[in-house]
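Take a look at the letters that make up each chain.
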Amino acid sequence: MTTPATTEDQKPDENLPPGTTPYYARMHKWIKRAVLVCLVALVIEGAFTLPFMAVYYGYPTLSLTEICSELLKVRFSDDNLECKYPYPPLGPPEGAEGKDTAQDEWGIQPTPKYHRLGFRELVKIHDERVARQAAEGQGG
């Protein structure tokens, strides 16, 4: 014979978060833990990504602002583009002013036409640009 459920068994647990039934409480606990682990992993990944990318592009030789400017110049094929630091609060969206000089194929899925940058290649590109501008300054 089955015993009827007591009133304690029928009362929902007061310790559960709103919207969680006792049946799904364990699943919600494990989902919450998994999400926290993923968020911590993303923060750690982001913390290590920027320094490694900066060194890859040439950080000790170029400052972060120079790296940003060189990336804009390569991306939009315009030697006049510069990264602004600090960026003006009401300025145009980043990259909006160089979009018309880019040689990309624009569409639903844009196809970039600039070459893939290698290890510390921005340093070489920067040095060539500075030498070219110095030669133009002396010649003109």
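Here the structure is a predicted model, which means the values were calculated and not measured.

(A) Representation of the overall build of the chain in the model. Helix and strand counts for the chain stand at four helices and zero strands. Burial status across the chain gives 19% buried among its 140 residues. Sequence-distant contacts in the chain: of pairs separated by 6 or more residues, those separated by 24 or more amount to 48%. With the model as given, the accessible surface of the chain reaches about 11400 Å², and the carbon-plus-sulfur share is 62%.

(B) Focus on the state of the cysteines. Throughout the structure, instances matching the rule amount to one disulfide. Linked covalently through their sulfurs, Cys68 and Cys83 form a disulfide whose S-S length is 1.7 Å. The sign of the -70° torsion about the S-S bond sets the Cys68-Cys83 disulfide as left-handed. One end of the pair, Cys68, is in helix α3 (residues 64-76); the other, Cys83, is in the loop between α3 and α4 (121-139), with 15 residues separating them in the sequence. For Cys68, a relative accessible area of 30% translates into the label partly exposed. Classification of Cys83 by relative accessible area gives buried; the value is 14%.

(C) Inspection of the UniProt feature "transmembrane region" (unreviewed entry) in the chain at higher detail. What UniProt calls "transmembrane region" (unreviewed entry) maps, in this numbering, to residues 34-59. Across residues 34-59 one finds 92% helix and 0% strand; the C-alpha atoms that close the span lie 35 Å apart.

(D) Region of interest: unusual backbone geometry. Here Tyr85 and Pro86 are connected by a cis peptide whose omega angle stands at -10°. Inspection of the secondary structure assignment puts Pro86 in the loop between α3 and α4.

(E) Region of the structure containing the confidence of the model for the chain. With 88% of its residues at a pLDDT of 70 or more, the chain has an overall mean of 85. Model confidence for the chain, summarised as mean pLDDT per element, is weakest for helix α1 (residues 7-10) at 49 and strongest for helix α2 (residues 25-57) at 94.

(F) Spatial organisation of the pattern of salt bridges. What the rule picks out here adds up to six salt bridges. Of the charged contacts, one joins Lys73 and Glu70 as a salt bridge, the two residues approaching to 4.0 Å between their closest N and O atoms. With Lys73 and Glu70 both in helix α3, this residue pair falls three residues apart, about one helical turn. Across the pair, Glu70 and Lys73 agree in class, each one buried. Three or more residues joined by partner-sharing salt bridges are found here, namely Glu70, Lys73, Asp79, Glu82, Arg129 and Arg132.

(G) Region of interest: the environment of Lys99. Secondary-structure assignment places Lys99 in the loop between α3 and α4. Spatially, the C-alpha atoms of Lys99 and Ser77 are 9.5 Å apart, while their sequence positions differ by 22 residues. Setting aside anything within four residues of it in sequence, one finds Lys99 in contact with Phe76 and Trp106.

Reading the values: rules and limits
- Residues numbered from 1 in each chain as written.
- Predicted model: local features only at pLDDT ≥ 70, side-chain atom pairs only at ≥ 80, totals over all residues.
- Heavy atoms only, no water.
- Helix = DSSP H or I, 4+ residues; strand = E, 2+ residues; numbered from the N terminus.
- Buried < 20%, exposed > 50% of the residue type's maximum accessible area, 1.4 Å probe, protein only.
- Contact = heavy atoms within 4.5 Å.
- Areas by Shrake-Rupley, 256 points an atom, 1.4 Å probe, with all protein chains shown as cover.
- Disulfide = S-S within 2.5 Å.
- UniProt positions renumbered as here; feature names shortened; annotations may be inferred.
- pLDDT = per-residue confidence, 0-100.
- Salt bridge = Lys/Arg side-chain N within 4 Å of Asp/Glu carboxyl O.

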